[in-house]
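Structural characterization, general
In case you want the letters, here they are:
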Amino acid sequence: MNTSPQHPAPAAPSGKVPAALETVIEQARSARQQHLDDIVRRLGRGERLSAEQIYTTLRAQTLCTWWRLLARHIEYAEGGGVRPAEAVSRFVSWITPYLDDPTPPDPNVTTRAPGRNGELDFALAHLDHSLALIRQGAARIFLAQAEILAPACSAQQSPSASTGQETTA
(Lines give C-alpha, C1' and ligand atoms only; values in the text may rest on other atoms or scores of the structure.)
Protein backbone atom coordinates (compact mmCIF):
# COMPACT_ATOMS: atom_id res chain seq x y z
CA MET A 1 0.00 0.00 0.00
CA ASN A 2 1.34 3.40 -0.95
CA THR A 3 0.87 5.79 1.95
CA SER A 4 3.03 8.61 0.63
CA PRO A 5 1.26 11.96 0.56
CA GLN A 6 -0.04 12.99 -2.81
CA HIS A 7 0.61 16.53 -3.90
CA PRO A 8 -2.44 18.30 -5.25
CA ALA A 9 -2.47 19.24 -8.89
CA PRO A 10 -1.59 22.87 -9.54
CA ALA A 11 -4.61 25.11 -9.35
CA ALA A 12 -6.04 26.41 -12.55
CA PRO A 13 -4.85 29.92 -13.37
CA SER A 14 -7.17 32.60 -12.10
CA GLY A 15 -6.91 34.68 -15.24
CA LYS A 16 -4.23 36.99 -13.84
CA VAL A 17 -1.52 35.16 -15.77
CA PRO A 18 -1.51 36.17 -19.45
CA ALA A 19 -2.16 33.41 -21.99
CA ALA A 20 1.30 33.88 -23.54
CA LEU A 21 2.92 33.32 -20.14
CA GLU A 22 0.74 30.26 -19.52
CA THR A 23 1.97 28.86 -22.85
CA VAL A 24 5.62 29.37 -21.88
CA ILE A 25 5.01 27.78 -18.48
CA GLU A 26 3.29 24.79 -20.05
CA GLN A 27 6.17 24.36 -22.51
CA ALA A 28 8.64 24.48 -19.61
CA ARG A 29 6.60 21.92 -17.64
CA SER A 30 6.35 19.65 -20.65
CA ALA A 31 10.09 19.85 -21.38
CA ARG A 32 10.92 19.14 -17.75
CA GLN A 33 8.57 16.15 -17.66
CA GLN A 34 9.92 14.73 -20.92
CA HIS A 35 13.48 14.90 -19.61
CA LEU A 36 12.52 13.34 -16.28
CA ASP A 37 10.58 10.56 -18.00
CA ASP A 38 13.57 9.86 -20.23
CA ILE A 39 15.91 9.59 -17.25
CA VAL A 40 13.53 7.33 -15.32
CA ARG A 41 13.07 5.11 -18.38
CA ARG A 42 16.83 4.81 -18.91
CA LEU A 43 17.53 4.10 -15.26
CA GLY A 44 14.74 1.50 -15.28
CA ARG A 45 16.52 -0.29 -18.12
CA GLY A 46 19.81 -0.14 -16.23
CA GLU A 47 21.41 2.31 -18.65
CA ARG A 48 24.02 4.82 -17.64
CA LEU A 49 23.06 8.43 -17.95
CA SER A 50 25.13 10.74 -20.09
CA ALA A 51 26.31 14.11 -18.88
CA GLU A 52 24.22 15.72 -21.63
CA GLN A 53 21.05 14.01 -20.39
CA ILE A 54 21.68 15.21 -16.84
CA TYR A 55 22.57 18.71 -18.05
CA THR A 56 19.41 19.12 -20.14
CA THR A 57 17.23 17.71 -17.38
CA LEU A 58 18.64 20.04 -14.74
CA ARG A 59 18.39 23.03 -17.09
CA ALA A 60 14.77 22.15 -17.88
CA GLN A 61 14.05 21.80 -14.16
CA THR A 62 15.61 25.20 -13.46
CA LEU A 63 13.65 26.91 -16.24
CA CYS A 64 10.38 25.31 -15.16
CA THR A 65 10.96 26.37 -11.56
CA TRP A 66 11.67 29.97 -12.55
CA TRP A 67 8.59 30.21 -14.78
CA ARG A 68 6.33 28.63 -12.16
CA LEU A 69 7.70 31.02 -9.53
CA LEU A 70 6.97 33.92 -11.86
CA ALA A 71 3.36 32.78 -12.28
CA ARG A 72 2.97 32.39 -8.51
CA HIS A 73 4.47 35.84 -8.05
CA ILE A 74 1.82 37.30 -10.35
CA GLU A 75 -0.93 35.36 -8.60
CA TYR A 76 -0.01 35.93 -4.97
CA ALA A 77 2.63 38.62 -4.43
CA GLU A 78 1.32 41.81 -2.89
CA GLY A 79 -2.14 40.27 -2.61
CA GLY A 80 -2.19 39.36 -6.28
CA GLY A 81 -1.69 42.96 -7.31
CA VAL A 82 1.47 42.51 -9.33
CA ARG A 83 1.03 43.25 -13.02
CA PRO A 84 2.48 40.59 -15.34
CA ALA A 85 4.86 43.02 -17.05
CA GLU A 86 6.15 44.16 -13.66
CA ALA A 87 6.63 40.56 -12.49
CA VAL A 88 8.51 39.63 -15.66
CA SER A 89 10.72 42.69 -15.20
CA ARG A 90 11.47 41.69 -11.60
CA PHE A 91 12.41 38.16 -12.57
CA VAL A 92 14.59 39.41 -15.41
CA SER A 93 16.49 41.55 -12.92
CA TRP A 94 16.76 38.63 -10.47
CA ILE A 95 17.96 36.12 -13.08
CA THR A 96 20.25 38.37 -15.15
CA PRO A 97 23.16 38.07 -12.66
CA TYR A 98 23.34 34.34 -13.41
CA LEU A 99 24.70 35.24 -16.86
CA ASP A 100 27.80 36.77 -15.30
CA ASP A 101 27.83 34.72 -12.12
CA PRO A 102 31.44 33.85 -11.53
CA THR A 103 31.72 30.14 -11.83
CA PRO A 104 33.62 28.27 -9.16
CA PRO A 105 37.28 27.59 -9.86
CA ASP A 106 37.97 25.03 -12.54
CA PRO A 107 38.04 21.65 -10.76
CA ASN A 108 41.02 20.59 -12.87
CA VAL A 109 43.10 23.35 -11.32
CA THR A 110 42.02 22.57 -7.76
CA THR A 111 44.64 20.77 -5.73
CA ARG A 112 43.50 17.31 -4.81
CA ALA A 113 44.21 15.81 -1.44
CA PRO A 114 44.74 12.06 -1.49
CA GLY A 115 42.12 9.74 -0.01
CA ARG A 116 38.38 9.71 0.24
CA ASN A 117 37.92 13.36 1.24
CA GLY A 118 40.04 14.40 -1.72
CA GLU A 119 37.70 12.52 -4.04
CA LEU A 120 34.68 14.13 -2.42
CA ASP A 121 36.19 17.60 -2.64
CA PHE A 122 37.11 17.04 -6.27
CA ALA A 123 33.62 15.73 -7.12
CA LEU A 124 31.93 18.63 -5.32
CA ALA A 125 34.13 21.15 -7.13
CA HIS A 126 33.06 19.61 -10.45
CA LEU A 127 29.39 19.68 -9.44
CA ASP A 128 29.57 23.31 -8.27
CA HIS A 129 31.16 24.30 -11.56
CA SER A 130 28.61 22.30 -13.56
CA LEU A 131 25.63 23.72 -11.68
CA ALA A 132 26.88 27.26 -12.26
CA LEU A 133 27.11 26.55 -15.99
CA ILE A 134 23.62 25.00 -15.99
CA ARG A 135 22.23 28.16 -14.32
CA GLN A 136 24.00 30.31 -16.93
CA GLY A 137 22.46 28.30 -19.76
CA ALA A 138 19.02 28.41 -18.14
CA ALA A 139 19.36 32.16 -17.59
CA ARG A 140 20.14 32.74 -21.27
CA ILE A 141 17.04 30.79 -22.31
CA PHE A 142 14.81 32.41 -19.66
CA LEU A 143 15.90 35.93 -20.59
CA ALA A 144 15.39 35.28 -24.31
CA GLN A 145 11.89 33.95 -23.62
CA ALA A 146 11.12 36.85 -21.27
CA GLU A 147 12.21 39.36 -23.92
CA ILE A 148 9.72 37.85 -26.36
CA LEU A 149 7.04 37.57 -23.67
CA ALA A 150 7.34 41.10 -22.23
CA PRO A 151 5.31 42.86 -24.96
CA ALA A 152 2.48 40.32 -24.58
CA CYS A 153 2.40 40.87 -20.82
CA SER A 154 2.40 44.66 -21.24
CA ALA A 155 -0.40 44.48 -23.78
CA GLN A 156 -2.61 42.50 -21.40
CA GLN A 157 -2.42 45.05 -18.61
CA SER A 158 -5.76 46.55 -17.76
CA PRO A 159 -6.42 50.12 -18.89
CA SER A 160 -6.71 51.19 -15.24
CA ALA A 161 -3.18 49.92 -14.62
CA SER A 162 -1.75 52.60 -16.87
CA THR A 163 -3.90 55.48 -15.69
CA GLY A 164 -1.94 58.70 -15.87
CA GLN A 165 0.58 57.32 -18.29
CA GLU A 166 0.57 58.73 -21.76
CA THR A 167 1.83 56.87 -24.74
CA THR A 168 4.63 58.52 -26.64
CA ALA A 169 5.27 58.19 -30.31
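Residues numbered from 1 in each chain as written. Predicted model: local features only at pLDDT ≥ 70, side-chain atom pairs only at ≥ 80, totals over all residues. Heavy atoms only, no water.

Quick word on the packing of helix α2 (residues 51-76) against helix α3 (residues 84-95)
Our working definition: Between N-to-C directions, angles cover 0 to 180 degrees, with each direction set by a line fitted to C-alpha atoms, over the stretch in contact for helices. The way it works is that DSSP assigns letters per residue, a run of H or I at least four long becomes a helix, a run of E at least two long becomes a strand, and they are numbered from the N terminus. Just so you know how the angles are binned, under 35 degrees is roughly parallel, over 145 roughly antiparallel, 65 to 115 roughly perpendicular, and the rest oblique. Left-handed describes a crossing whose near helix is turned anticlockwise from the far helix by less than a right angle; the clockwise case is right-handed. Between two residues, a contact is recorded if the distance between any of their heavy atoms is within 4.5 Å.
Relative orientation of the contacting elements α2 and α3 amounts to 140 degrees, with a least axis distance of 9 Å. Taken together, α2 and α3 sit at an angle that is classed as oblique. Handedness of the α2/α3 crossing: right-handed. Between α2, through Trp66, Leu69, Leu70, His73 and Ile74, and α3, the contact on the second element is made entirely by Pro84, Ala87, Val88, Arg90, Phe91, Trp94 and Ile95.

Considerations on the nonpolar core
The criterion, for reference: We define a nonpolar core as any set of buried Ala, Val, Leu, Ile, Met, Phe, Trp, Tyr and Cys residues linked to one another through side-chain atoms lying within 4.5 Å. Think of it in three bands: residues with accessible area under 20% of the maximum for their type are buried, residues over 50% are exposed, and the middle band is partly exposed, with areas taken using a 1.4 Å probe on protein chains only.
Ranked by size, the top nonpolar core spans 26 residues in total, and within it Leu21, Trp66, Trp67, Leu70, Phe142 and Leu149 carry the most contacts. Broken down by secondary-structure element, the contributors of at least two residues to this core are α1 (19-44), α2, α3 and α5 (116-155).

Notes on the packing of α1 against α2
Our working definition: Gly falls in the polar group here, along with every residue not listed as nonpolar (Ala, Val, Leu, Ile, Met, Phe, Trp, Tyr, Cys, Pro) or charged (Asp, Glu, Lys, Arg).
Orientation of α1 relative to α2, taken along the N-to-C sense of each, is 145 degrees, at an axis distance of 8 Å. Seen from above, α1 lies across α2 with left-handed handedness. Facing Leu21, Val24, Ile25, Ala28, Arg29, Ala31, Arg32, His35, Leu36, Asp38, Ile39 and Arg42 of α1, the residues of α2 in contact are Gln53, Thr56, Thr57, Ala60, Gln61, Cys64, Trp67, Arg68, Leu70, Ala71 and Ile74. Within the contact of α1 with α2, the residues separate by chemical class into 13 nonpolar, five polar and five charged.

A short note on the confidence of the model for the protein
The test is simple: Per-residue confidence from the predictor is reported as pLDDT, which spans 0 to 100.
Across the protein, the average pLDDT comes to 80, with 73% of residues at 70 or higher. Summarising per-element confidence for the protein, the mean pLDDT is lowest in α5 (86) and highest in α1 (95). For the stretch residues 158-169, pLDDT sits under 50, and the model shows one contact to residues farther than four places along the chain or on other chains.

Quick notes on α3
Operational definition: Here a helix's expected span is defined as the number of its residues, less one, multiplied by 1.5 Å. When we speak of the arc, we mean the arc of directions from the helix axis to the C-beta atoms.
Over its 12 residues, α3 runs 16 Å from end to end, which matches the ideal 16 Å to within 8%, given 1.5 Å per residue. Taken residue by residue, α3 has Pro84, Ala85, Ala87, Val88, Phe91 and Ile95 as its buried positions. Taken around the axis of α3, the buried residues stretch over an arc of 160 degrees, which confines them to a single face.

Considerations on α2
Here α2 contains 26 residues, and its C-alpha end-to-end distance of 37 Å stays within 8% of the 38 Å for a straight helix at 1.5 Å per residue. Positive phi shows up at Glu78, right after α2, with a value of about 50 degrees.

Details of the environment of Val24
Along the chain, Val24 turns up in helix α1. Considered as a pair, Val24 and Phe142 are 118 residues apart in the sequence and their alpha carbons are 9.9 Å apart. The contact partners of Val24, leaving out residues within four places of it in the chain, are Trp67, Gln145 and Leu149.

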